[in-house]
Amino acid sequence: MLIERIDHVGYAVEDLEEAIAHHQRLYGAEVVHREHVEADEVDEALLAVGESFIQLLMPTSERSPVARFLARRGPGLHHVGYGVADVAATVDRLREQGAKLVDERPRRGSRGCTVAFVHPASAMGVLVELVEDPQRRGGIERSTGGVPGF
Ligand code: CO
């Protein structure tokens, strides 16, 4: 099985601070990472959920794919991140199997990860993001708190 874990679930939100406050109020959530991702024109916050994350995404431009999603469908589940050991090899395999890819080549994602999106047409109607996290390479456990590179 190439999918090693559910790395994260990504939510499209209209107000990042409110979305963070909501998760803090209801669940005592902890923000472990924040980043502006210029390639996707979003501000991101990651909430720790065991070894996985809830990824809150707020567009910073109307051109952002997340802005288009919000305009079309409103706030909600945007994508699921599958943790894999090697995004490039996984993309090659999916292409061989005839899967429709959003990203033909792996690209840089947030927190230093390598990512590629798989089109919902080839993923049970769900937008899937393949995520290779260099901090997990070789089975190294993510340390808790003050994680280098975060
Ligand atoms: Co994501």
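This text goes with the structure placed above it.
Residues numbered from 1 in each chain as written. Predicted model: local features only at pLDDT ≥ 70, side-chain atom pairs only at ≥ 80, totals over all residues. Heavy atoms only, no water.

**So, the environment of Leu57**
Consideration 1: Examined against the element boundaries, Leu57 turns out to sit in strand E4 (residues 52–59).
Consideration 2: For the pair Leu57 and Ile3, spaced 54 residues apart in sequence, the C-alpha separation works out to 23 Å.
Consideration 3: Once you skip the residues sitting within four places of it in the chain, Leu57 turns out to touch Tyr11, Ala12, Val13, Val42, Asp43, Glu44, Val66, His78 and His79. (Helix = DSSP H or I, 4+ residues; strand = E, 2+ residues; numbered from the N terminus. Contact = heavy atoms within 4.5 Å.)

**Structural notes on the nonpolar core**
Consideration 1: Val13, Leu16, Ala19, Ile20, Ala29, Ala45, Leu47, Ile54, Leu56 and Met58 together form the largest nonpolar core, which totals 10 residues.
Consideration 2: The set of elements that each furnish at least two residues to this core consists of helix H1 (16–27), strand E3 (42–49) and E4.
Consideration 3: Contacts of Met58, omitting those with residues within four sequence positions, involve Val13, Glu14, Asp15, Leu16, Glu41, Val42 and Asp43. (Core = buried A, V, L, I, M, F, W, Y, C linked by side-chain atoms within 4.5 Å. Buried < 20%, exposed > 50% of the residue type's maximum accessible area, 1.4 Å probe, protein only.)

**Concerning the sheet that holds strand E5 (residues 76–83)**
Consideration 1: Here we have 8 strands laid out as an open sheet, ordered E2-E3-E4-E1-E5-E8-E7-E6, and mixed in their pairing. The open sheet has two edge strands, strand E2 (31–37) and strand E6 (107–108), and neither has a second partner.
Consideration 2: Across 6 bridges, E2 lies against E3 in antiparallel orientation. Bridged to His33 within E3 is Leu46.
Consideration 3: Running over the sheet, helix H3 (residues 87–96) touches strand E7 (114–118) and strand E8 (128–132) and is turned about 145° from E8. (Pairing = 2+ DSSP bridges. Axes fitted to C-alpha atoms, helices over the stretch in contact; angles between N-to-C directions.)

**Some points on the side chain of Asp7**
Consideration 1: With respect to the secondary-structure elements, Asp7 resides in strand E1 (residues 5–12).
Consideration 2: A distance of 3.1 Å separates a polar atom in the side chain of Asp7 from a polar atom in the side chain of Arg5. (Polar contact = N/O pair within 3.5 Å; in protein donor to acceptor, adjacent residues only side chain to side chain.)

**Quick notes on unusual backbone geometry**
Consideration 1: Its identity is not glycine, yet Arg111 carries a phi of approximately 45°, on the positive side.
Consideration 2: Mapped onto the fold, Arg111 is located in the loop between E6 and E7.
Consideration 3: Residues other than glycine seldom take positive phi values, yet Met124 does so here, at roughly 60°.
Consideration 4: Relative to the assigned elements, Met124 resides in the loop between E7 and E8.
Consideration 5: Residue Met124 is classed as exposed on the basis of its relative accessible area of 80%.

**So, the pattern of salt bridges**
Consideration 1: Applying the stated rule across the entire model yields 13 salt bridges.
Consideration 2: When the shortest N-O distance is used, the salt bridge between Arg111 and Asp7 registers 2.5 Å. Residue Arg111 is found in the loop between E6 and E7, and its partner Asp7 is found in strand E1; the two are separated by 104 residues along the sequence. For the residue pair Arg111 and Asp7, the accessibility class agrees, reading buried in each case.
Consideration 3: Where salt bridges share partners, they join Glu4, Arg5, Asp7, Glu51, Arg111, Asp133 and Arg136 into one cluster. (Salt bridge = Lys/Arg side-chain N within 4 Å of Asp/Glu carboxyl O.)

Purely spatial values, then, with no claim about function.
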